[in-house]
Every structure is written in C-alpha cells, then in structure tokens.
Amino acid sequence: MIPLLLMFLAVLATAGRVLGLMLASVVVGWFLSYQAIRSKAFENIYIAAIEVFESVPVISFFPIVLALFVLGVGGPIGVELAADFLVFTAVVWNIWIGEYQAFKTVPREMLEVAQNFRFGLLNRLRYIYIPFSVPRISANLFPSVSDGFFYITVSEVFAVGIHTYRTFGVGTLLDSYIAQSLWTYVVETFIVLGLVIAVVIIGLREFSKRAVAKYTLDTDMPIVRRGRLNLRESIRFTAMSSVNPLNRLAKYNMDRRKRRGTEQDKYYEEPRQKNYGYAWAGAGILIVGLILYGSYRIVTSVSLAEWGTLLRMTPTLLLDLLYDYARVAIITVIAFIFSLFVGYYFAMNSRAEAIGVPAIQGFSAYPVPTYFPFIFLAAVPFLNSIFGQYSSEVFVLFLGFISTFYYVFYSFWMGVKAMPSEYLEIMENLNLGFFQKMRMIIMPSTFPYLISGISSTINSAWGGLMIGEFWPNIAGGRSLEVSHGLMKVIDVATNNGNLAVAAWASLIFGIVVAIYSLVFTRRMMDLARKKYVAEEGIYSA
Amino acid sequence: MGKSTLLRLIGGFLRPSSGEVRLQGKRILRPTPQAVLVHQSIVTFPWMTAIENVMLALKPRRLPRDEARAMALVALETVGLQGFEDLYPKEMSGGMRQRVAVARALVADPQVLLMDEPFAHLDELTAEGLRQDIYNILFNESTPLKSVIMVSHNLTEVMELADVIYVINGSPATIVARVDVSLARPRNPRDPEFDKYLDRLYNYLTPRGRNK
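Description of the structure in this document.

Here is what the cut-offs are and how they apply
- Residues numbered from 1 in each chain as written.
- Chains lettered and ligands numbered in written order.
- Predicted model: local features only at pLDDT ≥ 70, side-chain atom pairs only at ≥ 80, totals over all residues.
- Heavy atoms only, no water.
- Helix = DSSP H or I, 4+ residues; strand = E, 2+ residues; numbered from the N terminus.
- Buried < 20%, exposed > 50% of the residue type's maximum accessible area, 1.4 Å probe, protein only.
- Areas by Shrake-Rupley, 256 points an atom, 1.4 Å probe, with all protein chains shown as cover.
- Phe/Tyr/Trp six-rings, centres within 6.5 Å; stacked < 30°, edge-to-face > 60°.
- Expected span 1.5 Å × (residues − 1).
- Bend = angle between axes of the 7 residues up to and from the residue.
- Core = buried A, V, L, I, M, F, W, Y, C linked by side-chain atoms within 4.5 Å.
- Salt bridge = Lys/Arg side-chain N within 4 Å of Asp/Glu carboxyl O.
- Pairing = 2+ DSSP bridges.
- Polar contact = N/O pair within 3.5 Å; in protein donor to acceptor, adjacent residues only side chain to side chain.
- 1 Å grid on protein atoms, 1.4 Å probe; cavity = no way out; pocket = protein on both sides within 12 Å on 5 of 7 lines; lining within 4 Å.
- Points joined across faces, edges and corners; volume = space filled by probe spheres on them.
- Nonpolar A, V, L, I, M, F, W, Y, C, P; charged D, E, K, R; others polar.
- Domains from an automatic or database assignment.
- Patch = residues over 30% accessible without salt bridge, like charges linked within 9 Å, V, L, I, M, F, W, Y side chains within 5 Å.

### A word on the overall build of chain B
Line of reasoning, step 1. Along the backbone of chain B there are eight helices and seven strands.
Line of reasoning, step 2. When each of the 212 residues of chain B is scored for burial, the buried share is 49%.
Line of reasoning, step 3. Split by element, the accessible area of chain B, about 10,400 Å² in all, is 51% carbon and sulfur.

### Structural notes on helix H7 (residues 170-179) of chain A
Line of reasoning, step 1. Here H7 of chain A has its buried residues at Val170, Gly171, Thr172, Leu173, Leu174 and Tyr177 of chain A.
Line of reasoning, step 2. Where H7 of chain A ends, the next residue or the one after it, serine 181 of chain A, has phi of about 55 degrees, a positive value.

### Some remarks on the packing of aromatic side chains
All names here are of chain A.
Line of reasoning, step 1. Throughout the structure, instances matching the rule amount to 37 aromatic pairs over all chains.
Line of reasoning, step 2. Ring geometry for tryptophan 183 versus phenylalanine 374: centroids 5.9 Å apart, planes at 90 degrees, classification edge-to-face. In this pair, tryptophan 183 is assigned in helix H8 (residues 183-215) and phenylalanine 374 in helix H14 (residues 368-387), connecting sequence segments 191 residues apart.
Line of reasoning, step 3. Taking 6.1 Å as the distance between ring centres and 20 degrees as the angle between the ring planes, the aromatic pair formed by phenylalanine 372 and tryptophan 471 counts as stacked. Placement of the pair is phenylalanine 372 in helix H14 and tryptophan 471 in strand E3 (residues 470-475), with a sequence separation of 99 residues.
Line of reasoning, step 4. Through a chain of ring-to-ring contacts, three or more aromatic side chains come together here, namely Trp183, Phe190, Phe338, Tyr345, Phe346, Phe363, Tyr366, Tyr371, Phe374, Phe401, Phe405 and Phe409.

### Digging into helix H15 (residues 391-417) of chain A
All names here are of chain A.
Line of reasoning, step 1. Taking 1.5 Å of rise per residue, 27 residues should cover 39 Å, and H15 covers 38 Å from first to last C-alpha, within 8% of that figure.
Line of reasoning, step 2. At threonine 404, H15 shows its largest bend, some 45 degrees.
Line of reasoning, step 3. Across the 27 residues that make up H15, a large majority, 22, are buried.

### Looking at the nonpolar core
Line of reasoning, step 1. Ranked by size, the top nonpolar core spans 170 residues in total, and within it Tyr46, Met110, Phe372 and Trp462 of chain A together with Phe45 and Leu113 of chain B carry the most contacts.
Line of reasoning, step 2. It is H15 of chain A that contributes the most residues to this core, 15 residues altogether.
Line of reasoning, step 3. With 14 residues, the next largest nonpolar core counts Ala162, Val167, Val179 and Leu198 of chain B among its residues.

### Some words on the pattern of salt bridges
All names here are of chain B.
Line of reasoning, step 1. Evaluation of the coordinates by the stated rule reveals 27 salt bridges over all chains.
Line of reasoning, step 2. A salt bridge links arginine 178 to aspartate 180, with the shortest nitrogen-to-oxygen separation between them at 2.9 Å.
Line of reasoning, step 3. Of the residues examined, arginine 178 reaches a relative accessible area of 45% and is grouped as partly exposed.

### Looking at the pairing of strand E3 (residues 35-38) of chain B
Residue and element names in this part refer to chain B.
Line of reasoning, step 1. Every second residue of E3 is oriented toward a common face, with Ala35 and Leu37 on one face and Val36 and Val38 on the other, all of them buried.
Line of reasoning, step 2. With four bridges connecting them, E3 and strand E4 (residues 112-116) associate as parallel partners. Bridging across to E4, leucine 37 finds its partner in leucine 114.

### Details of the side chain of arginine 99 of chain B
Residues and elements named next belong to chain B.
Line of reasoning, step 1. Tracing the backbone through its elements, the reader meets arginine 99 in helix H4 (residues 94-107).
Line of reasoning, step 2. When its relative accessible area of 15% is taken as the criterion, arginine 99 is described as buried.
Line of reasoning, step 3. Of note is the side chain of arginine 99, whose polar atom sits 2.3 Å from the side chain of aspartate 133.

### As for empty space enclosed by the protein
All names here are of chain A.
Line of reasoning, step 1. A complete count under the given rule lists eight cavities of 30 Å³ or more for this structure.
Line of reasoning, step 2. In this structure, the second largest cavity spans a volume of roughly 100 Å³.
Line of reasoning, step 3. Lining the second largest cavity are Ser146, Asp147, Phe150, Tyr151, Ser364, Val368, Ile402, Ser403, Thr404, Tyr406, Tyr407 and Ser460.
Line of reasoning, step 4. For the lining of the second largest cavity, the elements supplying multiple residues, two or more each, are helix H6 (121-155) and H15.
Line of reasoning, step 5. Examining the composition of the lining of the second largest cavity, we find that five residues originate from one element, H15, more than from any other.
Line of reasoning, step 6. Split into classes, the residues belonging to the lining of the second largest cavity amount to six nonpolar, five polar and one charged.
Line of reasoning, step 7. When we break the lining of the second largest cavity down by domain, the ones giving at least three residues each are domain 1 (1-255) and domain 2 (304-541).

### Description of a nonpolar patch on the surface
Residues and elements named next belong to chain A.
Line of reasoning, step 1. A grouping of Ile2, Leu4, Leu5, Phe8, Leu9, Leu12, Phe168, Val187, Ile191 and Leu195 is seen on the molecular surface, where their side chains present a nonpolar patch of about 900 Å² in accessible area.
Line of reasoning, step 2. Elements with a minimum of two residues in the nonpolar patch: helix H1 (3-38) and H8.
Line of reasoning, step 3. Take the nonpolar patch: its biggest share by element is five residues, from H1.
Line of reasoning, step 4. Examined against the element boundaries, valine 187 turns out to sit in helix H8.

Structural data, given as structure tokens:
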C-alpha cells in the first residue's frame, strides 16, 4: 500500500475510534442522565459511581482491561475492545456528568411547557433536554479529545509478558516504523496526525461556537451558569434537588402515579405509561451479580501463597505511591504557575489569545507518547550532564507536565474570562500590581475554576507517570526508568505478565486516589462554592 | 402559597394539599393543553425559530407538518409577528419573544390561559403595546378561549383587562377581596370610575386600607 495512504488510514482509524467512542458516550449519557433525573435511587448510584471512576485515573483500568478483553475475549476483537474500552473510560465521565448537570438544570419553566403540551420521553429529549445539554457537551469535548488521543496511541500497542498486542491505528504504525528505523515515514506520520488533529480541533471549535450561539440561554429564566462545572459540584445539585420546586413537582408526579387507576373522573389524565422500574432493577441486579461473580473468580484464581506475597508487598507499594504523589505535586505546581502567567496574559490580550489558545488546544490534543521519544533522544545528553542520575526524574516530570498542564491552564483562563468586568475595572482603577491583582482578586474569584482544573490535572498526571516511569527502549537503544514509583511497579508487572501484582497495585492505587478525591477535592470544591463565587458578589451588590 | 403557586395549582403543575381544581366539571390532575401557562420569565427555546417554538405546542397532536406550520403561522400573525417566523429568539426583542410564547399558548387551542405576570420583564412601552395586543386577541370573537386567569402587580393593567379581580395578600397568601368590574370596554384609565376602582384595589393591599 502507498505509505501516505496507509498513514492517513491509520490516523483516521485512531481518530475514528476517539470520535466514535465520544459520540457513543454522548448518546448513552443522554438516556442515563434522563433516568438519573427521574429516579432518585438511580441518580444516587450513577453519580457516586461516576465520581469514583472519574477520580481514578484511566490507566489504572489497564490490568482489568487486559484480563477482561485480551485474555478473556481474545483475538483481534479482544485487542480492539481493550483499546476501545481504555479510550471510553478516558472520555466518558466528563461527558456524562456534563449531560447530567445540564439535564438537572433545565429551567423549570421549560419543563412546564413540555408538561403543558404533554410531551412523551422522546419529545422531551428531542426538543428540550438534548438541545439544552449541547453547550455543556461542547465544553467537555476538548479535554475528552485530548484524553482520547493520549490513551488511544498507547493502547493500540501493548505488551503483556512475551506477547505484544496490536490493533490498527497510528500508534501501531509509528511503533512499526520506529522498530524499522524508517525515520522519514515517522516524520510524515507525525505531519498527517497533526493535520487530522488540526481538522478535529477546528471542527470542535466551530461546533462549540455554533453550540454557544444557538443553544445557550440569554433570557430571564433562572439557570446555573458556572463555566465548566466539575463533577464534585454534583453534590450541590443533589442538595438543591432536595429542596427545589422541581423536586416537589417530581414528588407530586411520583405520588400521582401511584394513585393512578383509583380515580374514575380523569378527564385530563394521561394514558397509562409503561413502568420500567422492574427492568432497571433487574439490570442493576444483573450488573451487581456479574461484578460479584467476576470478583469471586479473580479472588479464587489467586493462590493463598500469592495473596500472602501481595499483602506483604503492600507497605512498599504505599511508599511507592508516596513517591508518585510527590511527582504529581511538583507537576501540578509547575502547571499552576505556568497557567497563572500565561492564562492571565491570554485572557487580557485578545491577539495573543486568538493564536495562543487554539495552539495550546492543538498541542494538548497531539498525543504526547508519539513524539516524546524524540524529545528524549535530543535532550538526554544535555540533561544527563546536568542532572546525572536524576535526569530520568526530570524527563518523567516533563512528560507529566506536557500531558496535563492543559487542564489547569484552560480552567484558569476560562475563570479569568468569566470574571465580572466590574472586577477588572476596579483592579485598573486602584492601579494594583500583578501580584496584588492575583492574590486579592483574580485567584479568589477564579478559585472554583482553579480547583476544577487542578483536580483534572492531578487525575491526568498519573497517565504521564504511567508511561514515563518505565519505558523500555524509548529511543536510541536507551530506556527511561525511575527508581521508585507505583506506576513503575504496575508497568513492570504488566510487562512481565504478572497480572496479580499489577491488579493488586492498581486496586490500592484506585482506593487511595478515590479517598483522596472524596476527602480533599470535594472539600476544596465546597469551600470554593461557599466563599468564592464571583458572580454572586456582583449580583448581591 | 403565592400567586405563581396558585396558577400552577390551577394548571395542574402542583397538587393542592386540600381541595381540587375542576375545568368544565372535570378534575385537572396534571398539566393539560386545555389550560396553558404563559410564564413571567419569557420561555422560548433558543434553538428553535419563532415558528418552531409555536409548532412545539402541536407536536402531541401529530399533525402533518404543513398543517402544523399553517396553524403556527396564523398564531404568529395573530400576535403581530407575521414575517418574523424564521427568526431565532436571540434575534428578537423581549416583547417579540413574549408574543411567541403567547402564540404558542394560543395555537394549542386552550379553554383557559394562565398568565403569570406576562408583562413584568418588559419595559413599560413594550408592555403597553403587548397589553393592547393581548387585549385585542382575548376579546376577538374568533378566539376559542373561555377565560384568562392573569396574575399581576400592576393595578392599572388589571383594571384594563379584568372582569373579576381577586386580591390576594399576606404570607401565606389569602384572598382578601373580590372585585367585580362593571366598566364598559374599552376602558379608559382617565375615567373617574376607573380611578375609583383603582383606589379600592390600593386600599385592599395597604395595611391602612385593610383595617378600615
């Protein structure tokens, strides 16, 4: 096949996976979100599950994916499903929570119009809920595309023990060219990938512009507007829903439904609707049953001696996790400082913004794992001469930074853009210096955005560590490897085919990260909501 | 209970804790196109053009598209929006948007229109124009409407439009008076009789007046 055609096909296959899975996430999310706003029980389970899964980095799913698809299903379909599943878990949570939040905040007056004209499920979705969710979905598409491309390229080729699994796409093609030292083809593939990503980003920007122009409200209807709402804000929605009139209306409808059939003079009564409660309950029981059965199979498939080894390893694994947290902290601090300066500059300078923001969006969507080996090869002599044995750490931190700074940058930039213009005028009026502005006005008023961006940066930093901490034969016959780190343990165990250790380390990692998220991030979000919502400062004044 | 809650109870959006709402002798147990609510906050859907907003009310009837469009055009013409049917709400003024909402309500062919301070979010000049138009629509013989229940704080507006006025006050709100207006139409706010009615209404709403 003509190499250029092959490159295009490979890039299109990869882009098709990312966009196709995003589309699937959007469509499934509409129905799940609708069910969530109709059933309190489903809502509680749905939101709690998303909250945990979003806070656990996608990469920790890897051993489970391997066990389920590659070893369970097997063959090319198993490998394809493994790659798809990884990307699905990378893109889906943001989109689902965005849709849920949109559905939950449809103005009551709009719903009353639908009630007044007796719309059924499909009409409500088609004419009200789905259009209303479009701006929120479009806001979540950029980070989802970045995450999707990042993971798809590393999940198209992976090794478990002596086996290497491949599925067709740009990641596989690059791997093959690099193995054969076909450097011209590598560069050409990068260019093709860049072109396709540029088209995707331009398309998304155009879609976002149209979505905002057509689907956002600018009427007097009350609506929660906080830019990109974070998942943790779902707590607020749950709290709101327990007291707001919409909930009372919902309760009334539930109550009325129970009484239906006992009243004879229902001239204005609706026809009987089908009750899907049993079907949902059945599906829930089936899923819980499958999870329990899967857990039982996994636990019993590991011998007692192996369990003993795993338990003895646990303190060391926790220490390794501490190393990784230190790395994540450094990456986050650097990303934060970068965002403060560059984000503020872009927000205040429209010319720089017109070029800089799309450039950063394009850069962040370009999958780091594809080009990082070349940066490594170019910089390794220089960094070795300065940092010696610690140069690996520098590479890992740099890899983490370039794969994750985007989130805090983008959130902060949006936060500054969303600041009330009165605040900017006061800053100018008082002739405040840069650091005074930052400390006293900009950082407090963008605090909710910052927390949202920082939590996303932290979650995504794990992906960079997973790739960077153990990268055999990264380039020029060299390997990138750090001395300690839980991500390295998982990498090495997966590479050696020791799935028990990989899964156990992933489980510990998932539990710690979920606890951290629920305890720390949620509190910060609560603080942000209570104290630092700038729009309300203007409104109450 | 407040004025908006009362309208929602009448429209079947909320269930009363005691008592019941009947329309032509039949109980209203849920919202129905027979009693359409026009909101205080102007409700148009920004992703639909004016005519699509109006056609929304005809969706449940599953009419052929051409027929629904023709009916929506008539409704838009009734509220003075002929020629603007392809505009999106964002391209319209507040008064035009509220006209779209009224056209959507009318095209559903309701017996009762429930209007929750429909002019409250408009500037005075626009509100006055729309009030006149609504007046003409409501008293047009071809309108199938049997009744309009409107909530308002604007006593002049109430006097211009209403035959029967229930004055509600306090928290929770209670009916403090019923006033039957026997002035001939069209009513003139400069008419001394009109002023007398206004004084009566003010008296019911002020503590001094209520204690008389």
